[in-house]
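Structural description and commentary
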Amino acid sequence: MKYARKALRMAFLLSLFTASGWSQVLSPEVDSIPMRDGKKIAADVYLPTSGAAYPVILIQTPYNRLYYRLGLPLGIKKDLAGSPYAFVIIDWRCFYGSQSACVAQPNRGQDGYDVVEWIATQSWCNGKIGTWGPSALGKIQFQTAKENPPSLTCAVPLVAGSQFNYDEYYPGGCYRTEYVEQLDALGFGLSPLLKANPVKNLTWSVAEAANLYPASIHVPMLMIGGWYDHNVEVMMALFDTLKSGGDAAIHDRHRLVMGPWAHGGSGTAQVGTAQQGDLVYQAAAGWSDSLALAFLDYHLRGVANGWDATPEIRYFQMGTDTWLAESHWPPAGQTRTLYLHDDDTLRASTPANGNGKSFQYDPHDPSPTVGGPTLKQGLQQGPYDQAPVVENRGDSWVLSTPVLNEDLVIHGRVIANLFVSSDRTDTDICLRLTDVYPDERSMLVADQVLRMRFRNGYTVADTMLMTPGQVYPVEIAFPNTAITILKGHRLRFIITSANYPRFDLNLNNGGPMYTAGDTLTATNHIYAGGTYPSHLVIPSDPTTGIGVKPVRPLSPLQIHPNPSSERVEISWPASLLHGSVGSIRVYDLAGKLCKESSCTGSGYILEGGLTTGVYWIRVEGEGGIIYGKLIRY
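Residues numbered from 1 in each chain as written. Predicted model: local features only at pLDDT ≥ 70, side-chain atom pairs only at ≥ 80, totals over all residues. Heavy atoms only, no water.

Let's talk about the overall build of the chain
Rule in force here: Numbering goes from the N terminus for both helices and strands, where a helix is a DSSP run of H or I of at least four residues and a strand is a run of E of at least two. Throughout, radius of gyration means the C-alpha value; the globule benchmark is 2.2 Å times the number of residues raised to the power 0.38. Whether a residue is buried, partly exposed or exposed follows from its accessible area with a 1.4 Å probe, protein chains only, as a fraction of its type maximum: under 20%, in between, or over 50%, in that order.
When helices and strands are counted, the chain shows nine helices and 32 strands. For the chain, whose C-alpha radius of gyration is 26 Å, the value lies close to the compact-globule estimate of 26 Å for 633 residues. On the principal axes, the C-alpha backbone points of the chain span a range of 75 × 70 × 55 Å. A total of 633 residues make up the chain; the buried ones form 58% of that total.

Focus: the nonpolar core
Side chains of nonpolar character tend, in soluble globular proteins, to be buried together. Where we set the bar: We call a set of buried Ala, Val, Leu, Ile, Met, Phe, Trp, Tyr and Cys residues a nonpolar core when their side-chain atoms join them within 4.5 Å. By definition in these notes, contact holds between two residues if any of their heavy atoms fall within 4.5 Å.
Counting residues in each nonpolar core, the largest one holds 123 residues, and the members touching the most others are Val-88, Ile-119, Leu-340, Leu-418, Phe-493 and Ile-495. If you tally residues by element for this core, the top one is helix 9 (residues 287–301), at seven residues. Ile-119 has contacts with Val-56, Leu-58, Val-88, Trp-124, Cys-125 and Ile-129, leaving out every residue within four places of it along the chain. Among the nonpolar cores identified, the runner-up in size contains 17 residues, and Ile-559, Val-568, Leu-606 and Ile-626 belong to it.

Some points on empty space enclosed by the protein
Inclusion rule: Every definition here rests on a 1 Å grid over the protein atoms only: cavities are sets of points where a 1.4 Å probe fits but cannot get out, pockets are open sets enclosed by protein on both sides within 12 Å along at least five of seven lines, and lining residues have some atom within 4 Å of a point. Grid points are joined across faces, edges and corners, and a volume is the space filled by probe spheres set on the points.
Under the counting rule described, the total for this entry stands at four cavities of 30 Å³ or more. In this structure, the largest cavity encloses a volume near 40 Å³. Lining the largest cavity are Arg-255, Leu-256, Val-257, Leu-291, Trp-307, Thr-310, Pro-311, Arg-314 and Leu-589. Sort the elements by how many residues they give to the lining of the largest cavity and strand 8 (residues 255–259) lands first, with three residues.

Some thoughts on the sheet that holds strand 19 (residues 428–436)
As a reminder, the rule being used: At least two bridges found by DSSP between two strands are what make those strands a pair. Geometry is summarised by axes, namely lines fitted to C-alpha atoms with helices restricted to the contacting stretch, and by angles between N-to-C directions that run from 0 to 180 degrees.
Read across the open sheet, the four strands follow the order 16-23-19-20; overall the sheet is antiparallel. With partners counted over all chains shown, the strands left at the sheet margins are strand 16 (397–400) and strand 20 (442–451), one partner each. Averaged over all pairs of adjacent strands, the angle between strand axes in this sheet comes to 15 degrees, irrespective of strand direction.

A closer look at the pattern of salt bridges
The line we're drawing: Put simply, a salt bridge is a Lys or Arg side-chain nitrogen that is within 4 Å of an Asp or Glu carboxyl oxygen.
Tallying each qualifying case throughout the model produces 26 salt bridges. Between Glu-406 and Arg-336 there is a salt bridge, and its shortest N-O distance comes to 3.9 Å. On the criterion of sequence distance, the pair formed by Glu-406 in the loop between strand 16 and strand 17 (408–412) and Arg-336 in strand 13 (residues 334–340) is long-range, its members being 70 residues apart. A residue is classified by how much of its surface remains accessible, and Glu-406, at 46% relative accessible area, is partly exposed. The exposure class of Arg-336 is partly exposed, given its relative accessible area of 27%. Salt-bridge contacts for Asp-395 lead to Arg-393; the nearest nitrogen and oxygen are separated by 2.9 Å. Here Arg-393 falls in the partly exposed class, since its relative accessible area comes to 29%. One network of salt bridges, in which partners are shared, links Asp-44, Arg-65, Arg-69 and Asp-91.

Topic: the layout of surface pockets
Stated formally: Residues are grouped as follows: nonpolar covers Ala, Val, Leu, Ile, Met, Phe, Trp, Tyr, Cys and Pro; charged covers Asp, Glu, Lys and Arg; every other residue, Gly included, is treated as polar.
Considering only enclosed or pocket space, the second largest pocket measures out at about 740 Å³ in volume. The wall of the second largest pocket is formed by 41 residues, among which Asp-167, Pro-171, Glu-233, Arg-413 and Gln-448 lie closest to the centre. The set of elements that each furnish at least two residues to the lining of the second largest pocket consists of helix 4 (166–169), helix 8 (232–245), strand 20 and strand 21 (472–477). Considering each element in turn, the lining of the second largest pocket owes the most residues, seven residues, to strand 20. Taken together, the residues of the lining of the second largest pocket break down into 20 nonpolar, ten polar and eleven charged.

Some points on helix 5 (residues 177–185)
Along helix 5, the residues that are buried comprise Thr-177, Glu-178, Tyr-179, Val-180, Gln-182 and Leu-183. The elements touched by buried residues of helix 5 are helix 4 and helix 6 (191–195).

Looking at the state of the cysteines
Defined as follows: A pair of sulfur atoms, both from cysteines and within 2.5 Å, is called a disulfide here.
Summed over all chains, the structure comprises one disulfide. Note that Cys-94 is cross-linked by a disulfide to Cys-102, the S-S spacing being 2.1 Å. Here the S-S torsion is close to 90 degrees, and the disulfide linking Cys-94 with Cys-102 is therefore right-handed. Judged by relative accessible area, Cys-102 falls into the partly exposed class, the value being 32%. Of all cysteine sulfurs in the structure, the one in Cys-154 sits closest to Cys-125, which takes part in no disulfide; the separation is 12 Å. Judged by relative accessible area, Cys-125 falls into the buried class, the value being 8%.

In structure tokens form, the structure reads like this:
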């Protein structure tokens with residue numbers, strides 16, 4: 001009933017928009033799609049023109065299909081007439097317009113199969129069907145593909161995987177409070193099941209096995225994720241599994257794109273936007289849509305845009321703000337070790353001796369969550385400054401490298417090897433990694449947690465409380481990332497015992513979790529030097545992607561018109577060349593050099609010689625390198 005009321009409110013809002021003339025809304029053909037059990041799913045059908053047959057993009061949402069009447073994704077917005085695709089957008093069973101089709105345990109994969117095959121029978125469909133969507137709209141694409149509908153051609157899941165893993169809900173054995181609260185608010189109701197299974201048990205074994213099915217995926221996937229998303233490890237693991245254990249006939253047709261993006265759904269940060277938290281990544285703006293359209297054009301429309309030759313993994317290197325390419329993850333490279341020192345520094349030298357540092361943790365006054373891979377409405381998402389609040393509370397150990405005299409390249413998982421003691425039988429170790437700018441902003445890169453009772457593993461047999469005062473070695477791996485801590489910046493490592501409400505609060509009493517009980521203040525100690533050399537292991541200095549190791553970029557190129565069919569004007573700041581001769585290069589999506597020329601001044605005219613597709617333009621001069629994106633139609 002609550003979804004029906006929300007759908008009515010949305011319909012009323014749309015009617016107000018239309019009546020007032022304040023915002024034009026799209027008017028789809030409203031239909032209902034019969035399922036195999038006789039019930040019907042609510043659907044909106046968007047056709048560029050009547051009487052023609054199109055490839056179709058299917059979107060399956062639990063968040064109300066009516067919102068798409070305000071504008072279609074993939075850059076289409078309200079320009080339906082200019083779209084080469086038809087769209088079908090359906091409400092999941094039990095949600096909004098499909099509330100009447102609700103059953104106790106819906107099989108969403110089978111529903112997806114039925115929708116795909118219904119679309120294939122319609123006169124406006126040319127038989128080619130792809131799927132698209134983020135988060136829950138991404139997960140259902142895997143469930144649909146698992147059922148192997150004959151008319152499904154390809155899929156583009158964003159910030160999503162197929163898995164239902166213990167680690168997703170209990171990273172380091174610690175319940176993700178805000179994440180599950182938001183899922184409950186959206187109608188998924190997972191908290192009772194999750195809290196009943198706080199350790200890895202048979203329930204988790206069955207769930208994890210049922211939701212990982214690479215051999216059942218028989219269509220190419222373009223998986224798009226973000227370094228500030230909470231699904232980084234889920235997506236990395238699934239992509240690797242699809243490549244190694246999936247259908248051998250298509251394992252080389254899957255692609256992974258990782259941008260500098262948060263999950264979206266709260267605030268301005270979305271997959272593909274330039275603004276992410278307090279940082280702006282202009283060089284990544286719109287690339288999720290451009291790459292998705294190139295993938296869809298190749299598979300659904302047969303456009304010869306070179307997609308088949310594109311790299312398997314394309315990722316955004318934050319800091320230098322460049323796109324790089326690899327055939328596997330993480331890239332080959334070395335590691336660097338940085339040791340914790342008593343003077344609050346991170347250095348390559350091993351301290352001969354040291355005491356480390358103690359700090360208190362009071363569950364009634366926890367270190368707060370400031371940005372990061374959050375989901376809950378009202379919380380910030382993405383990179384935010386940790387200095388004003390987190391670092392100035394006195395309940396943490398904050399360590400930094402000296403100001404870097406060269407760039408520090410990080411690709412992969414930073415691992416913290418710590419020696420820990422406490423005066424309580426259980427407590428949490430919460431870690432944050434930040435990039436400290438010359439102006440002292442401490443911008444979050446990644447975070448992680450470990451509940452100490454789970455230091456040996458996550459089953460009941462693994463669980464072991466602490467002996468107060470005893471020193472325990474622990475290894476905590478941050479999620480994968482790709483960032484260059486630039487020359488003049490510092491790498492910072494923050495150790496606390498809370499990051500709330502991102503992670504559940506430890507009561508420090510060693511008793512049952514997620515129930516009422518005594519709340520104790522803990523004094524926790526991190527050791528450094530001598531017998532207990534706590535340190536970070538940093539995956540660094542990998543091979544680079546296209547061409548040469550990137551120079552720190554300036555602002556993006558100005559390209560007009562874009563998209564274009566012929567003549568293009570390209571401009572950049574005059575400071576880039578400093579009056580000297582520079583170079584301009586044009587690469588296709590596979591990294592192949594298509595054009596190269598010298599350039600002077602602050603502009604260049606590009607004419608002819610490029611086929612339909614997406615291209616990288618790279619201009620290099622004494623002042624650095626600038627990148628831009630050109631779409632040729």
